[in-house]
Amino acid sequence: MSSTASIHTDDALRDVKRAHVPFPVTRLALWVFTLAVALGFAYIVAINPNFGWPVVAQYFFDPTVMQGLWVTLGLTVVAMIIGVALGLILAIARMSNDRLASSLAGLFIWFFRGTPLLVQLIFWYNMSTLFPRISIGIASWNTNDLITPLTAAIIGLALNEAAYMAEIIRGGLLSVDKGQAETAQAFGMTKARALWRIIIPQAMKSIVPPTGNQLISMIKATSLVSVIAMADLLYSVQSIYNRTFEIIPMLLVAVLWYLLITSILNVGQGAIERYYNRGDRGAPDRTRANSTTAAGAADEHV
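Overview of the structure. Please read all numbers here as calculations on a predicted model, not as lab measurements.

## Remarks on the environment of M127
Here comes step 1: By secondary structure assignment, the location of M127 is in helix α7 (residues 127-130).
Here comes step 2: Using a relative accessible area of 15% as the deciding quantity, one classes M127 as buried.
Here comes step 3: Sequence-wise, M127 and A152 are 25 residues apart; in three dimensions their C-alpha atoms are separated by 8.9 Å.
Here comes step 4: Other than its neighbours up to four places away in sequence, M127 contacts T143 and I147.

## Section: the packing of helix α4 (residues 63-94) against helix α5 (residues 99-114)
Here comes step 1: α5 packs onto α4 with a crossing angle of 130° between their chain directions and a minimal axis gap of 7 Å. Taken as axis vectors, α4 and α5 run oblique relative to one another. Here the hand of the crossing between α4 and α5 comes out left-handed. Of the residues in α5, those in contact with L90, A93 and R94 of α4 are A101, S102, A105, G106, F108 and I109.
Here comes step 2: Looking at side-chain class alone, the contact of α4 with α5 contains six nonpolar, two polar and one charged residues.

## Some thoughts on the packing of aromatic side chains
Here comes step 1: Using the criterion set out here, one finds six aromatic pairs in the structure.
Here comes step 2: Taken together, a centroid distance of 4.4 Å and an interplanar angle of 35° make the contact between F108 and F112 tilted. You can see F108 and its partner F112 sitting in helix α5, four residues apart, about one turn around the helix.
Here comes step 3: Taking relative accessible area as the criterion, F112 reaches 11% and is therefore assigned buried.
Here comes step 4: Within the aromatic cluster, the residues linked to one another by ring pairs are F60, F61 and W257.

Procedures and definitions
- Residues numbered from 1 in each chain as written.
- Predicted model: local features only at pLDDT ≥ 70, side-chain atom pairs only at ≥ 80, totals over all residues.
- Heavy atoms only, no water.
- Helix = DSSP H or I, 4+ residues; strand = E, 2+ residues; numbered from the N terminus.
- Buried < 20%, exposed > 50% of the residue type's maximum accessible area, 1.4 Å probe, protein only.
- Contact = heavy atoms within 4.5 Å.
- Axes fitted to C-alpha atoms, helices over the stretch in contact; angles between N-to-C directions.
- Parallel < 35°, antiparallel > 145°, perpendicular 65-115°, else oblique.
- Left-handed = near helix turned anticlockwise from the far one by under 90°.
- Nonpolar A, V, L, I, M, F, W, Y, C, P; charged D, E, K, R; others polar.
- Phe/Tyr/Trp six-rings, centres within 6.5 Å; stacked < 30°, edge-to-face > 60°.

The analysis is restricted to geometry; functional conclusions fall outside its scope.
Here's what the structure looks like:
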């Protein structure tokens, strides 16, 4: 009898099917507590006059703020395009069998990932201190005429982004089975054509999600260009609160705009991730199907 009871006890202890599921009452209590804390905090913030919510509403769509917002978005788009393009070149060079190309790409990535972006922006902005004139052959220009706050911001953001994108793209390319390239070359495709037609399309699944993260990070990183007198979103709100002394409300205007933009980008990133992950479920033969991708592309090439 005691042995039977022991067996039932052991079976009950081993029943882990619902072990991780809390009791409904406990779960409900946690939800109520969390909701009460969140609502209480939101109420305190809403009624606190020090936040200056009327000032936030007054300046949220102010022309100066909107102009700074467009500058932030423009810098993000341009820097990301240049960064992705340079990152792809650096990733290919980093994976190349050419020791010179691989070493130069590795040196670039090491330097721009190893130094703060703020320091890089300040260096580019003060380039005329190091090189008063820039000469290419017989042509010569005043450095201050070339390195304006806009060009310094674009160069600094783009080169820094290129270093990070190079590693993201390299990781995506390495995630593709080497047999894909070997099969393509066996069918007579060049390495460059195999890269563009076969490797990169398959690597996009690993490249796109972290690239979305980099885009969101770039939106926030543009706030650093305010230190070089670039009229971005943060610089615009600073110029207003330097005149009105409404520091906290104007910073909240910038924070709310950054949150709105990043929230929209998060939704887009989630949609892209679902698009590239749509074949993960219910595809037991995905590995075998991928093994025929190179052969199919090569047949089309032939």
